[in-house]
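Residue strings, one per chain:
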Amino acid sequence: MTAINIRRDVKDSFYRYKMPRLLAKVEGRGNGIKTVVPNMTDISRSLCRPPAYPTKYFGCELGAQVKCEAKNDRYIINGSHEAEKMQKLLDGFIDKFVLCGACKNPETDLIISKDDIIRDCKACGQRTPVDMRQKLTTYILKNPPETRGKGKKNHGHADSGLNTPPSTEEGDDSDDELTRRINADVAVLPTADSQLANDDDWAEDTSPEAVAARMKELEASMNTSLVMGDDGEDEEYSSSYELFGTWLEQNKKASDDEIMAKMQEVGIKKRHRAVQVIAQTIFDDNIVKQIPIRCDLLENLVKNEKDQKALLGGLERLIGINFQGLLPKTSVILKALYDEDIIDEGIFLKWGEKASKKYVDKETSKSIRKKAEPFLKWLAEAEEEGSSDDDE
């Protein structure tokens, strides 16, 4: 079976963290067509996560029902799906639920609390939160990973679902910490997967409480990656922003005119929401160079204080979620916006006064503002000098 790097963006053939390439087998026809991942258990063992987690993630991303038959080692997604497409989706699962948010190393445990999921990195020691707006988090909270030992039900490594005893030979030639922990973990039989043996959808409970919970999940899912805020829209408008954002992610090099035309085509009604979506989709880790190129587009859309705040909110999500490596460049990014006269000085300073959880979690918001302090300090001093000159 072909082994590939867990982080496929790493091209080094000697990269130590490997996993099997995902296999997809399409079965059935018509309405009964389905895709089986025959090596899901092997993949999950490499990632130290229960096989149900990536399977459920596929279901969330593809909008399909899934079935996890741990006893038969069958993990099924309804519909016909190509292996490469699912491999790309798996990359997303790895980035969100496996890799350390700080060093991007896969040697992480999941720490589950009542309403929070933390990736505990054994390589760098950092603890980074999982974005709780991801739909899969609801399932993980209800089905925490199995752990070694007793009395630690919500803290530890995910069980891989294999009943294979760990190697205890003194001559074992592997000193890979991840490998040792995998071998120890796979000795524990999962309970979460066995509960899913005949489960087509984890949201089948029709009680009022369950219905309310599903509605809350649906609301959260509409806001997961694109539209954030508290001014509310109906489902049609929210879908418009999702369609717009998805199109932007697939057409990052679209011209300004094409972007404006797409906004009209999908029925965008609130300009500030469109600004937020644009900020977190058309830019990447070269944003400092891209801001001058997109200056005309931003000037056409950012008209008032609300638009400026939405632009900063979109950038918070870009830096705090999509491209965390940009965090040290926060001041440089804000300076680029300032140089192009996109955001007013007062808006920058007001934004920097207090962290907010409107667009990202509170800790991420604090970290972004912390990195913005050099720019904000420079801006405040420049404003004071300007006021002094005016008085004279």
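None of the values given here were measured: they were computed from a predicted structure.

**A short note on unusual backbone geometry**
- Its identity as a non-glycine residue notwithstanding, Cys-48 has a phi of 60°, on the positive side.
- With respect to the helices and strands, Cys-48 occurs in the loop between helix H1 (40-47) and helix H2 (52-62).
- Look at Asp-73: it is not a glycine, yet its phi comes out positive at around 55°.
- The residue Asp-73 is located in the loop between strand E5 (66-69) and strand E6 (74-78) in this model.
- Here Asp-73 falls in the partly exposed class, since its relative accessible area comes to 36%.

**Looking at the pattern of salt bridges**
- Throughout the structure, instances matching the rule amount to 21 salt bridges.
- The residue Glu-69 makes a salt bridge to Arg-74 at a minimum N-O spacing of 3.7 Å.
- With relative accessibility at 15%, the residue Glu-69 sits in the buried group.
- For Arg-74, a relative accessible area of 24% gives the class partly exposed.
- Among the salt bridges present, the one from Lys-104 reaches Asp-95, with a minimum N-O distance of 3.2 Å.
- Connected via shared salt-bridge partners are Lys-25, Glu-27, Glu-69 and Arg-74.

**Focus on the confidence of the model for the chain**
- In this model, the chain carries an average pLDDT of 79, and 73% of its residues clear a pLDDT of 70 or more.
- Contacts from residues 216-225, a stretch scored under 50 in pLDDT, to residues over four places away or in other chains number 20 contacts.

Scoring rules and cut-offs
- Residues numbered from 1 in each chain as written.
- Predicted model: local features only at pLDDT ≥ 70, side-chain atom pairs only at ≥ 80, totals over all residues.
- Heavy atoms only, no water.
- Helix = DSSP H or I, 4+ residues; strand = E, 2+ residues; numbered from the N terminus.
- Buried < 20%, exposed > 50% of the residue type's maximum accessible area, 1.4 Å probe, protein only.
- Salt bridge = Lys/Arg side-chain N within 4 Å of Asp/Glu carboxyl O.
- pLDDT = per-residue confidence, 0-100.
- Contact = heavy atoms within 4.5 Å.

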